[in-house]
Amino acid sequence: MDSLHDENNWPEGIGIVEIEMRRRLFWSMYQLEVSASTTWGSVIRCREAQSHVSYPSEINDEFFSDDGYQGLSTLVQGFNLPRTISNPSCWLHGWNFTTELHRVLEHAMDDLYRYRYRSAPIGSFSPVDLFGRDTTQHSVVLSKVLYIYDHLPQKFKEAKLPRNGKAGKEEIYSFQAANITATLQLVRMILFTSEDATVEQKCKIARDLLDGFSKIPIVFLRAISSPLLHHLAGIGSILAPVMEGPLSETSYHEVRHVL
């Protein structure tokens, strides 16, 4: 799977099915990489700036083959494919949005580490300063993310309980909604952690995260599995530094209540 990060280096002549599977595989690996870095502090080795892979086309498996896509006016093959076929009615539309949230997380993590180690520079200067990078306020970033979220189809914002307690074909949308909710809360958490947020603000973020999870049916929380534990661990990473500093009695009880 060498050069999976760059479609231009993929083997010539591979079919539509392999192209779509490669795209799904790459962005699945990317999500896992960013999630691991967010939770456990590992290095993000798969960075979007060095990647050239389109999102998977938003079309169900049964509607495409190496002969082409059903519903398109012309059959396309190989690297004559459009960058991504967009279809808000497909479950992959929600999955691709989750990928976009992880891309935001990658850059938020960069800011978090710059904020965390700002008093301990390496070397005589910071190369980042040479490029004149303007830092956007995280409240602005979050507003843009929430704007995109608000324009998602409603089925990607409501995790409905499966009929008879058993997940079926339609519940794949509810799972995407649950995953989006969890990832969106994680984005909020990281954005505010990398700024000088107050104890009250951090506690509110933690409460919002828990409230968001409480609205997701248990069956989908189980389906999310270990990433859910990673999100919950993030609450501790937010509030732990708070406990190390001086706290008023009110703030102390608020943190204890959240934990």
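Structure shown above.
Each chain has its residues counted from 1, running along the sequence as written. Reporting in this predicted model follows two pLDDT cut-offs: at least 70 for local features of residues, and 80 or more for side-chain atom pairs to be given and counted; totals over whole chains, interfaces and linings ignore these cut-offs and use all residues. Heavy atoms throughout the structure, all of them, feed into the side-chain values; hydrogens and water do not.

## Quick look at helix α1 (residues 16-40)
Moving on, step 1. Here a helix means four or more residues in a row that DSSP labels H or I, a strand means two or more in a row labelled E, and each is numbered from the N terminus. Expected helix span is given by 1.5 Å per residue-to-residue step, counting one fewer step than there are residues. An ideal rise of 1.5 Å per residue puts 36 Å on 25 residues; α1 measures up with 36 Å between its terminal C-alpha atoms.
Moving on, step 2. Where α1 terminates, the next one or two residues include G41, which has phi positive at roughly 80°.

## Observations regarding the packing of aromatic side chains
Moving on, step 1. Two aromatic rings from Phe, Tyr or Trp, using only the six-membered ring of Trp, form a pair when their centres are within 6.5 Å; if the ring planes differ by under 30 degrees the pair is stacked, by over 60 it is edge-to-face, and anything between is tilted. Taken as a whole and assessed by the stated rule, the structure comprises six aromatic pairs.
Moving on, step 2. Pairing F26 with W27 gives two aromatic rings, centres 4.9 Å apart and planes at 80°, and the pair type is edge-to-face.
Moving on, step 3. Relative accessible area serves as the criterion here: at 4%, W27 is assigned to the buried category.
Moving on, step 4. Both rings, one in W27 and one in Y30, keep their centres 5.2 Å apart while their planes meet at 80°; by these two values the pair is edge-to-face. One end of the pair, W27, and the other, Y30, are both in helix α1, three residues apart, so they sit about a helical turn from each other.
Moving on, step 5. Among the aromatic residues, those joined into a ring-pair cluster are F26, W27, Y30 and Y55.
Moving on, step 6. Taking NZ or CZ as reference, R22 lies 5.3 Å from the ring centre of W10, over its face. We call a residue buried when its accessible area falls under 20% of the maximum for its residue type, exposed when it is over 50%, and partly exposed in between, using a 1.4 Å probe and counting protein chains only. Whether a charge sits over a ring comes down to the Lys NZ or Arg CZ being within 6 Å of the ring centre and within 35 degrees of the ring normal.

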